[in-house]
Amino acid sequence: MGIMVGAATENSPAVGLAPKARWIAARGCDTLFCDSTWLIAAAEWILAPTDLQGANPRPDLRPHIVNNSWGGAGGDDWYAGYVTAWNAAGIFSTFAAGNSGMMGCGSVSSPGDYPESLAVGATTSEDVIATFSGRGPTRDGRIKPDITAPGHQIISAVPGNGYTSYSGTSMAAPHVAALAALLWSANPALIGDLAETRAIIEQTAVAIPSGECGDSGSTIPNNAYGWGRIDAYAALTRARVDIAWLDAPHEVSIEPGGLATIPVTLDGRMVAGPGLYWARLLVGNGSSEPLHPITVAPHCGRRP
């Protein structure tokens, strides 16, 4: 959860990729063991959260995105129906590719190996696939994982108000879930559009060729990295909303202690007709500090 939404504190920068995202959780794993009945109950709760007594389901409260840092042996389709149901509900889901990479090719876990799932492998800080990261192909010969993300010695929050680092594809998958949250925040038109969201993430990834697992040395996607290692900046740039009637600079240089004027151009000639048109600009300092929203609401009227 920290990797997805961990916010900054007075003494520490944000550890989460989408620190302003709101979250809920369904506990599908008791300690280190994930009982199938718990995981099924969690899948159903994600589709329609209930109260603490398990009553009054509220599908309108279902999350936009769900991360799954769990998995089992590959080739087991027992969870496929639930992944399909999430997809049909417009829920973007990520699955860890599993940590059996030392077993070689064909070690990607289920449910990540389903055609309906987005499986995430783990890379090191040197952009090399981690030795433990599950490899494809799947039992029926498909390429997996679909994408990779940092998963080696990742710092995140732990109970007791502390921080520590862990390694595993369970650290990689939440990076991709949080990236989807960033994309849907940047461009709300993408919410529920799983195909386009996935295409943006895959097409903007840093392509890394691999000769493992039957792939040629130039194959993209491949059975080690999928489409490559995610690039959040490139993905957000691709998803950015272009508003025809508003223009503002992407970067402004301000000296320490100085002031700067940020030109914002509003062009009423580019709107469909008279009315109120709203846009929100986000201003930040390029660090992990929160972005500051500025709302622009020009009244675009026309004279007879």
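The notes below deal with the structure included here. (Residues numbered from 1 in each chain as written. Predicted model: local features only at pLDDT ≥ 70, side-chain atom pairs only at ≥ 80, totals over all residues. Heavy atoms only, no water.)

## With respect to the overall build of the chain
Then, in step 1: Along the backbone of the chain there are six helices and 12 strands.
Then, in step 2: Whereas a compact globule of 304 residues would reach a radius of gyration of roughly 19 Å, the chain reaches 21 Å, a difference of no more than 12%.
Then, in step 3: Taken along its principal axes, the extent of the C-alpha atoms in the chain is 70 × 50 × 45 Å.
Then, in step 4: For the chain, with 304 residues in total, the buried portion stands at 39%.
Then, in step 5: Taking contacts inside the chain between residues at least 6 apart in sequence as the whole, the part at least 24 apart equals 60%.
Then, in step 6: Of the roughly 16800 Å² of accessible surface on the chain, 55% is carried by carbon and sulfur atoms. (Helix = DSSP H or I, 4+ residues; strand = E, 2+ residues; numbered from the N terminus. Rg over C-alpha atoms; globule rule 2.2 N^0.38 Å. Buried < 20%, exposed > 50% of the residue type's maximum accessible area, 1.4 Å probe, protein only. Contact = heavy atoms within 4.5 Å. Areas by Shrake-Rupley, 256 points an atom, 1.4 Å probe, with all protein chains shown as cover.)

## Considerations on the sheet that holds strand β1 (residues 65-68)
Then, in step 1: Reading across from one edge, β1-β2-β3-β4 is the order of the four strands in this open sheet, with parallel pairing throughout. The two strands at the open ends of the sheet, each matched to only one other strand, are β1 and β4 (147-150). Neighbour to neighbour, the strand axes of the sheet diverge by 35° on average, direction disregarded.
Then, in step 2: Where strand β3 (residues 119-123) and β4 come together, four bridges link them in parallel fashion. Opposite V120, over in β4, you have I147 as the bridge partner.
Then, in step 3: Together, β1 and β2 (92-96) form the strand contacts of helix α3 (residues 80-88), whose direction differs from that of β2 by roughly 145°. (Pairing = 2+ DSSP bridges. Axes fitted to C-alpha atoms, helices over the stretch in contact; angles between N-to-C directions.)

## As for the packing of aromatic side chains
Each aromatic ring pair is specified by the distance between its two centres and by the angle formed by the two planes.
Then, in step 1: As enumerated under the stated definition, the model contains eight aromatic pairs in all.
Then, in step 2: With 5.0 Å between their ring centres and 85° between their planes, W70 and Y79 make a pair best called edge-to-face. An identical accessibility class is assigned to W70 and Y79; each is buried.
Then, in step 3: Aromatic rings pair up to connect W70, W78, Y79, Y82, W86 and F95 into one cluster. (Phe/Tyr/Trp six-rings, centres within 6.5 Å; stacked < 30°, edge-to-face > 60°.)

## Some details on the side chain of S107
Then, in step 1: Among the secondary structure elements, S107 is positioned in the loop between β2 and β3.
Then, in step 2: Within polar-contact distance, the side chain of S107 engages the backbone oxygen of G104 at 2.7 Å.
Then, in step 3: With sequence-adjacent residues up to four places away left out, S107 is seen in contact with A97, S100, G101, G134 and R135. (Polar contact = N/O pair within 3.5 Å; in protein donor to acceptor, adjacent residues only side chain to side chain.)

## Digging into the pattern of salt bridges
Then, in step 1: This model, assessed by the stated rule, comprises eight salt bridges.
Then, in step 2: In this structure, D60 engages R58 in a salt bridge whose closest nitrogen and oxygen atoms are separated by 2.7 Å.
Then, in step 3: For D146, the salt bridge goes to R198, with nearest N and O atoms at 2.8 Å. Residue D146 is found in the loop between β3 and β4, and its partner R198 is found in helix α5 (residues 194-203); the two are separated by 52 residues along the sequence.
Then, in step 4: For D146, a relative accessible area of 9% corresponds to the buried category. (Salt bridge = Lys/Arg side-chain N within 4 Å of Asp/Glu carboxyl O.)

## With respect to the packing of helix α2 (residues 36-47) against α3
Then, in step 1: Put simply, α2 and α3 touch, their axes get as near as 10 Å, and they point 10° apart. The orientation of α2 relative to α3 falls into the category roughly parallel. Contact with α2, carried on its side by I40, A43, E44, I46 and L47, involves Y82, A85 and W86 of α3 and no other residues of that element.
Then, in step 2: The residue makeup of the contact of α2 with α3, split by class, is seven nonpolar, no polar and one charged. (Parallel < 35°, antiparallel > 145°, perpendicular 65-115°, else oblique. Nonpolar A, V, L, I, M, F, W, Y, C, P; charged D, E, K, R; others polar.)

## Notes on α2
Then, in step 1: Spanning 12 residues, α2 covers 17 Å between terminal C-alpha atoms, matching the ideal 16 Å at 1.5 Å per step.
Then, in step 2: Along α2, the residues that are buried comprise L39, A42, A43, I46 and L47. End-on, the buried residues of α2 take up no more than an arc of 140°, which puts them together on one face.
Then, in step 3: Where α2 is buried, its residues meet β1 and α3. (Expected span 1.5 Å × (residues − 1). Arc of directions from axis to C-beta.)

## Structural notes on the pairing of β1
Then, in step 1: Inspection of the sheet shows β1 paired to β2 by four bridges, in the parallel sense. For V66, the partnering residue across the bridge sits in β2 and is S93.
Then, in step 2: In this view, the connection linking β1 to its parallel neighbour β2 by way of α3 has right-handed handedness. (Right-handed = clockwise from strand over helix to strand, strands pointing away.)

## Looking at unusual backbone geometry
Then, in step 1: Along the chain, S110 connects to P111 via a cis peptide bond; the corresponding omega equals 10°.
Then, in step 2: With respect to the helices and strands, the residue P111 is situated in the loop between β2 and β3.
Then, in step 3: Here the residue pair G136 and P137 is connected by a cis peptide bond, since its omega of 0° sits within 30 degrees of zero.
Then, in step 4: Here D127, not a glycine, exhibits a phi torsion of approximately 60°, which is positive.
Then, in step 5: Looking at where D127 falls in the secondary structure, it is placed in the loop between β3 and β4.
Then, in step 6: Unlike most non-glycine residues, Q153 shows phi in positive territory, near 55°.

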